[in-house]
Amino acid sequence: MDLYILDAVLAVAVGGLLCPYAALESPLHGGVREPLWVSVLVGLTLGLPLAVRRRWPVPVAIVISSISTVALVTGVIPNFAAAAPAFAIGLSFYTVAVSTTTRRSMLCAAGCLALVSVALVLTAGDLWSRTGAVAYAAVMIAPAWLIGWLIRERRALAARQSENLVRQAATEERLRVARELHDVVAHTLSLIVVKAAVANHVAEADPREAGAALRVIEETGRSALTDVRRVLGVLREGTPYAPTPGLDELPVLAEQAAIGGVDVRLDVRREEAGAVPESVGLAVYRIVQEAVTNVVKHAAPAACRATVTVLPTEVRVEVTDDGRRPVSTVGEGHGLIGMRERVALHGGEFHAGPRSDGGFAVTANLPYRVAA
């Protein structure tokens, strides 16, 4: 709305002052002057269309150029006062270049510039030659179109860059959600598969143990549903789900691993460190979760030791086990790739591989900054 008010003020200034003043000028070599009302009317018709130049840029440019041509040819505006209509045409050209496509604006500008050039050529005399008249028209009017075109191109570039940033952010968010869902689902399904196998094995011989296994499956499934809702819920505002898991939730993770036949000895050490950033705490939790899940899937029953050391500038994670793994699981699967990506996001170091004395080891260093 402010821009339209500015256009209205500009139209009044150009159509009510500048162009009528030019139309009131007497011819250079004398001659019959037009009536006063004609001069005022021509000035108004040249300037007032600028009030709607943003709404109808091309029609406004054509109207102003046509009236300027007629006014110059008929002598209502002397050729030495052509700067006034040139200013009005330049404003319309600028608007055309900013608001329309390059091809359309070039065609419109070329046609209007040709009209004005013809008028200046027909009135050429002591002020300029015919060639000079065309050059005068180009110098007075064409820069306005060029400025408008440059601004349009710059805005288009900024819009493309903004769109690319939005697309990149959306891609990164999808990757983050996919990584979170993978960790939640992989960990939960591993425990469910283990307990389902137990329940199936002892269903007839020991119904009590089978029932206990089914209860564990139910509790694990409910917990997984809560985690999935939390992961998906962060995409919406005002979601009431539980906070992001971090270092404080590691003991619960160790208890869940015990259900799958893995004895996890958790050791969390804090050496006079401040609060760990939430993103780092989540990364540590997911790394320990994925490492323990791999032990449950590939090495259970086994003993596992998870050591988390919180230092003032970094968090060190080490998860080792003494289990035996099939040869096919030694390679780097999706879980190890996900852990490596989490560490890379924080600029840390990650290593995973078999131990020389048997078992498997996962180590990670995640640097962080403490907020001032």
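Conventions adopted
Residues numbered from 1 in each chain as written. Predicted model: local features only at pLDDT ≥ 70, side-chain atom pairs only at ≥ 80, totals over all residues. Heavy atoms only, no water. UniProt positions renumbered as here; feature names shortened; annotations may be inferred. Helix = DSSP H or I, 4+ residues; strand = E, 2+ residues; numbered from the N terminus. Buried < 20%, exposed > 50% of the residue type's maximum accessible area, 1.4 Å probe, protein only. Contact = heavy atoms within 4.5 Å. Areas by Shrake-Rupley, 256 points an atom, 1.4 Å probe, with all protein chains shown as cover. Pairing = 2+ DSSP bridges. Axes fitted to C-alpha atoms, helices over the stretch in contact; angles between N-to-C directions. Phe/Tyr/Trp six-rings, centres within 6.5 Å; stacked < 30°, edge-to-face > 60°. Lys NZ or Arg CZ within 6 Å of the ring centre and 35° of its normal. Core = buried A, V, L, I, M, F, W, Y, C linked by side-chain atoms within 4.5 Å. Parallel < 35°, antiparallel > 145°, perpendicular 65-115°, else oblique. Expected span 1.5 Å × (residues − 1). Arc of directions from axis to C-beta. Salt bridge = Lys/Arg side-chain N within 4 Å of Asp/Glu carboxyl O.

The protein carries the name histidine kinase in an unreviewed UniProt entry, which gives Micromonospora coriariae as its organism. Taken directly from UniProt, the Catalytic activity (unreviewed entry) text for the protein runs: "ATP + protein L-histidine = ADP + protein N-phospho-L-histidine."

**Q** Help me understand the overall build of the protein in this model?
**A** Secondary structure summary: the protein contains 10 helices and five strands in total. Taking all 372 residues of the protein together, 40% fall into the buried category. Taking contacts inside the protein between residues at least 6 apart in sequence as the whole, the part at least 24 apart equals 72%. With the model as given, the accessible surface of the protein reaches about 20500 Å², and the carbon-plus-sulfur share is 62%.

**Q** I tried to follow the sheet that holds strand β3 (residues 314-321) on my own but got confused; where do I start?
**A** In any sheet, the strands associate via hydrogen bonds between backbone groups, in a parallel or an antiparallel arrangement. With mixed pairing, five strands are arranged side by side in an open sheet as β1-β2-β3-β5-β4. Lying at the two open borders of the sheet, with one neighbouring strand each, are β1 (262-270) and β4 (349-354). Averaged over all adjacent pairs, the angle separating strand axes in this sheet is 5°, with direction ignored. Inspection of the sheet shows β1 paired to strand β2 (residues 302-310) by nine bridges, in the parallel sense. Its bridge partner being in β2, Arg-270 is matched across the sheet by Val-310.

**Q** When you look at the packing of aromatic side chains in this model, what are you seeing that I'm missing?
**A** Centre-to-centre distance and the angle between the planes together describe a pair of aromatic rings. For the structure shown, the criterion picks out one aromatic pair. Here Trp-145 and Trp-149 contribute two aromatic rings whose centre-to-centre distance is 6.3 Å and whose plane-to-plane angle is 10°, an arrangement assigned as stacked. One end of the pair is Trp-145 and the other is Trp-149, both in helix α6 (residues 130-202) and four residues apart, which spans about a single turn. Residue classification places Trp-145 among the buried positions, given a relative accessible area of 15%. What makes Trp-149 partly exposed here is its relative accessible area of 25%. For the cation-ring pair, Arg-55 lies above Trp-56, with the distance from its terminal atom to the ring centre recorded as 5.8 Å.

**Q** Even after reading the chapter, I still don't get the nonpolar core, so can you show me in this structure?
**A** For soluble globular proteins, the rule of thumb is that nonpolar side chains tend to be buried together. Val-284, Val-288, Val-315, Val-317 and Leu-366 are the most contacted members of the largest nonpolar core, which totals 37 residues. At the level of secondary structure, the elements contributing two or more residues to this core comprise α8 (250-259), β1, α9 (278-298), β2, β3, α10 (334-345) and β5 (360-367). A per-element tally of this core places α9 first, with 10 residues. In this structure Val-288 touches Leu-250, Leu-253, Ala-306, Val-308, Val-317 and Val-319, once residues within four positions along its chain are discounted. Counting residues in each nonpolar core, the second largest holds 27 residues, with Ile-89, Cys-108, Ala-119 and Leu-120 among its members.

**Q** Quick question: what am I supposed to make of the pairing of β3 here?
**A** A regular strand places its side chains on the two faces of the sheet in alternate fashion. In terms of residue burial, β3 counts as a mostly covered element, since six of its eight residues are buried. In sequence, β2 turns back onto β3 through a hairpin of three residues.

**Q** Got a minute to help me understand the packing of helix α3 (residues 57-74) against helix α5 (residues 102-122) in this structure?
**A** For any two helices packed against each other, the geometry comes down to the angle between their axes and how far apart the axes lie. Running from amino to carboxyl end, α3 crosses α5 at an angle of 10°, the nearest separation of the two axes being 8 Å. By the angle class used here, α3 and α5 are roughly parallel. Only Arg-104, Cys-108, Cys-112, Leu-115, Val-116, Ala-119, Leu-120 and Leu-122 of α5 make contact with α3, whose side of the interface consists of Val-58, Ala-61, Ile-62, Ser-65, Ser-66, Thr-69, Leu-72 and Val-73.

**Q** Any chance you could explain the environment of Pro-85 here in plain terms?
**A** Relative to the elements of secondary structure, Pro-85 occurs in helix α4 (residues 83-99). Look at Pro-85 and you get buried, because its relative accessible area is 1%. It is 6.9 Å that separates the C-alpha atoms of Pro-85 and Leu-46, two residues lying 39 residues apart in sequence.

**Q** Looking at this model, I keep getting lost on α5. Mind explaining?
**A** Over its 21 residues, α5 runs 30 Å from end to end, which matches the ideal 30 Å to within 8%, given 1.5 Å per residue. For α5, every residue scored as buried is listed here: Ser-105, Cys-108, Ala-109, Cys-112, Leu-113, Val-116, Ser-117, Ala-119 and Leu-120. Within α5, the buried residues cover an arc of 165° as seen down the axis, which keeps them to one side. Of the exposed residues in α5, the ones pointing more than 90 degrees away from its buried face are Arg-103, Leu-107 and Leu-122.

**Q** Can you help me understand the pattern of salt bridges in this one?
**A** Pairs can form between side chains of opposite charge whenever their charged atoms are close. Per the counting criterion, the structure on display carries five salt bridges. Between Asp-248 and Arg-270 there is a salt bridge, with the nearest N and O atoms lying 3.8 Å from each other. Taken together, the positions of Asp-248 in the loop between α7 (207-233) and α8 and Arg-270 in strand β1 put the pair 22 residues apart, joining distant regions of the chain. Across the pair Glu-314 and Arg-316 runs a salt bridge whose closest N-O atoms are separated by 2.7 Å. Take Arg-316: its relative accessible area is 41%, and that puts it in the partly exposed class. Because the salt bridges share partners, they merge into one network encompassing Asp-267, Arg-269 and Arg-305.

**Q** Honestly, the side chain of Thr-307 in this entry has me stumped. Any pointers?
**A** Its location among the elements puts Thr-307 in strand β2. A relative accessible area of 12% places Thr-307 in the buried class. With sequence-adjacent residues up to four places away left out, Thr-307 is seen in contact with Asp-267, Arg-269, Arg-316, Val-317 and Glu-318.

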